[in-house]
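Geometric and topological summary
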Amino acid sequence: MKRPVLAANWKMNNGPTAASSFMDVFIPAYHPRTDRTIIIFPPAVSLPVVAAATVGRSDVLPGIQNIHWAEKGAFTGEISASMARDAGAQVALVGHSERRHIFGDTDINCAKRCHAAAKAHIAFMLCVGETIEQREAGETESLVTKQLREGLSQTPNLISTEFLLAYEPVWAIGTGLTASPADASAIQSLLRSQLRQMIGTRADEIPILYGGSVNSGNAASLLATDDIDGLLVGGASVEASSWLAIAQT
Ligand code: PEP
């Protein structure tokens, strides 16, 4: 994937009708670029709309916000990685803080989801990040290291697997607070050095994104920060005009 990677996480916004209106504005206005990759994570019901709108646009990839690790079966309400791929997803978000903190996702479940994505031949984006309490207790480094190592622990052949990381401090998500470029850069660099221990120089090819209250006003300075290879954007990605401004940063 071309860096920077700019990823939109719509969360539970933009159902099929709204997604269609969004793509009708975004796709014609966002001219194809070879110097970056855009990923859009719509709610699963809107994935076919986003996938249809991005046909022929290798620079704009449809994604899915969560996948189950099983291939199929009695898992009411869940979607497997191969089903997501069939519906057009090229990337699966794994371990977003809302999945971890609202729905109780664990590192071991995240590991299973990463493995399932790799097995279904879609990329995954593993999210890590600390709460404010963990930050104040000085646990940020050990926590994100654990989330990273456990999250990747069940994916064999990591070296040849397509994946991305996102550092998203929980206290910065949807709060209007943003990590300072220096703080974000320090954690991104820690993640990169952990990855190097795991997969050697291949680590340098893995995009590590920052997320947490990114908007069109702060996107440029964050992107200019050392070790930040892209942005994962929630609230400011839901409206096409706001997302367009960030995508074109
Ligand atoms: C997110 O949902 O990943 C996120 C970073 O949200 P927000 O940009 O709204 O803080």
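Preceding this paragraph is the structure being described.
So, here's what we can say about the structure. Remember, it's a predicted structure, so these values are computed and weren't measured experimentally.

**What about the site of the ligand?**
The ligand sits among 14 residues. The nearest are Lys11, Glu168, Gly174, Ser213 and Gly234. In this structure, Lys11 approaches the ligand through a side-chain N or O atom, which is 2.8 Å from an oxygen atom. In the complex, 96% of the free accessible area of the ligand, which totals 290 Å², lies under the protein chains. Tallied by class, the residues present in the shell around the ligand amount to 4 nonpolar, 8 polar and 2 charged.

**What about the nonpolar core?**
With 64 residues, the main nonpolar core has Phe26, Ile40, Tyr210, Leu231 and Trp243 as its most contacted residues. With 6 residues, helix 8 (residues 181–199) is the largest single contributor of residues to this core. Counting residues in each nonpolar core, the second largest holds 14 residues, with Ile39, Phe41, Leu93 and Leu164 among its members.

**A word on the pairing of strand 5 (residues 123–128)**
Here strand 5 lies mainly inside the structure; 6 of its 6 residues are buried. Side chains Ala123, Met125 and Cys127 of strand 5 all project onto a buried face; the interleaved residues Phe124, Leu126 and Val128 project onto the opposite face, where all are buried too. Sheet topology note: the strand 4 (residues 91–94)/strand 5 ladder contains 4 bridges and is parallel. Pairing of Val91 across the sheet is with Ala123, part of strand 5.

**Observations regarding the packing of aromatic side chains**
Tallied over the full model, the rule gives 5 aromatic pairs. Residues Phe124 and Phe163 carry aromatic rings whose centres are separated by 5.3 Å and whose planes lie at 15° to one another, so their mutual orientation is stacked. Of this pair, Phe124 sits in strand 5 while Phe163 sits in strand 6 (residues 163–167), placing them 39 residues apart in sequence. For the pair formed by Phe124 and Phe163, the shared burial category is buried. The structure contains a cluster of three or more aromatic residues connected by ring pairs, namely Trp10, Phe22, Phe26 and Tyr30. Sitting over the ring of Phe103, Arg99 keeps its end group 4.1 Å from the ring centre. Cation over ring: Lys112 sits above Trp69, and NZ or CZ is 4.4 Å from the ring centre.

**Section: the layout of surface pockets**
Volume-wise, the largest pocket comes out at about 550 Å³. Lining the largest pocket are 21 residues, with Lys11, Pro43, Gln65, Asn66 and Arg99 positioned closest to its centre. Grouping the constituent residues of the lining of the largest pocket by class yields 11 nonpolar, 6 polar and 4 charged.

**Some details on empty space enclosed by the protein**
What the rule picks out here adds up to 1 cavity of 30 Å³ or more. For the largest cavity, the full set of lining residues is Gly95, Ser97, Arg100, His101, Cys127, Val128, Gly129, Gln147, Glu168, Val170 and Ile173. For the lining of the largest cavity, the secondary-structure elements that each account for two or more residues are helix 4 (97–101) and strand 5. Residue contributions to the lining of the largest cavity peak at 3 residues, all from helix 4. Its residues placed into classes, the lining of the largest cavity shows 4 nonpolar, 5 polar and 2 charged.

**What to know about the sheet that holds strand 8 (residues 230–233)**
The sheet built from 8 strands closes into a barrel, its strands ordered 1-2-3-4-5-6-7-8 with parallel pairing. Within this sheet the neighbouring strands show an average axis-to-axis angle of 25°, counted without direction. Note: strand 7 (residues 208–211) against strand 8, 2 bridges, orientation parallel. Bridge pairing links Gly211 to Leu232 in strand 8. Relative to the sheet, helix 1 (residues 16–29) contacts strand 2 (37–41) and strand 3 (60–64), its axis offset from that of strand 2 by approximately 175°.

**Here's the deal with the side chain of Gln147**
Structurally, Gln147 is set in helix 7 (residues 140–151). Here the side chain of Gln147 touches Gly129 through a polar contact of 2.9 Å, landing on its backbone nitrogen.

**Regarding the packing of helix 1 against helix 10 (residues 240–247)**
The contact between helix 1 and helix 10 brings their axes to 9 Å, and the two run at 25°. Taken together, the axes of helix 1 and helix 10 lie roughly parallel to each other. For the element pair helix 1 and helix 10, the recorded crossing hand is right-handed. Residue-level inspection shows Phe22, Val25, Phe26 and Ala29 of helix 1 in contact with helix 10, the latter providing Ala240, Trp243, Leu244 and Ala247. Its residues assigned to classes, the contact of helix 1 with helix 10 comprises 8 nonpolar, no polar and no charged.

Parameters at a glance
Residues numbered from 1 in each chain as written. Predicted model: local features only at pLDDT ≥ 70, side-chain atom pairs only at ≥ 80, totals over all residues. Heavy atoms only, no water. Near = heavy atom within 4 Å. Polar contact = N/O pair within 3.5 Å; in protein donor to acceptor, adjacent residues only side chain to side chain. Areas by Shrake-Rupley, 256 points an atom, 1.4 Å probe, with all protein chains shown as cover. Nonpolar A, V, L, I, M, F, W, Y, C, P; charged D, E, K, R; others polar. Core = buried A, V, L, I, M, F, W, Y, C linked by side-chain atoms within 4.5 Å. Buried < 20%, exposed > 50% of the residue type's maximum accessible area, 1.4 Å probe, protein only. Helix = DSSP H or I, 4+ residues; strand = E, 2+ residues; numbered from the N terminus. Pairing = 2+ DSSP bridges. Phe/Tyr/Trp six-rings, centres within 6.5 Å; stacked < 30°, edge-to-face > 60°. Lys NZ or Arg CZ within 6 Å of the ring centre and 35° of its normal. 1 Å grid on protein atoms, 1.4 Å probe; cavity = no way out; pocket = protein on both sides within 12 Å on 5 of 7 lines; lining within 4 Å. Points joined across faces, edges and corners; volume = space filled by probe spheres on them. Axes fitted to C-alpha atoms, helices over the stretch in contact; angles between N-to-C directions. Contact = heavy atoms within 4.5 Å. Parallel < 35°, antiparallel > 145°, perpendicular 65-115°, else oblique. Left-handed = near helix turned anticlockwise from the far one by under 90°.

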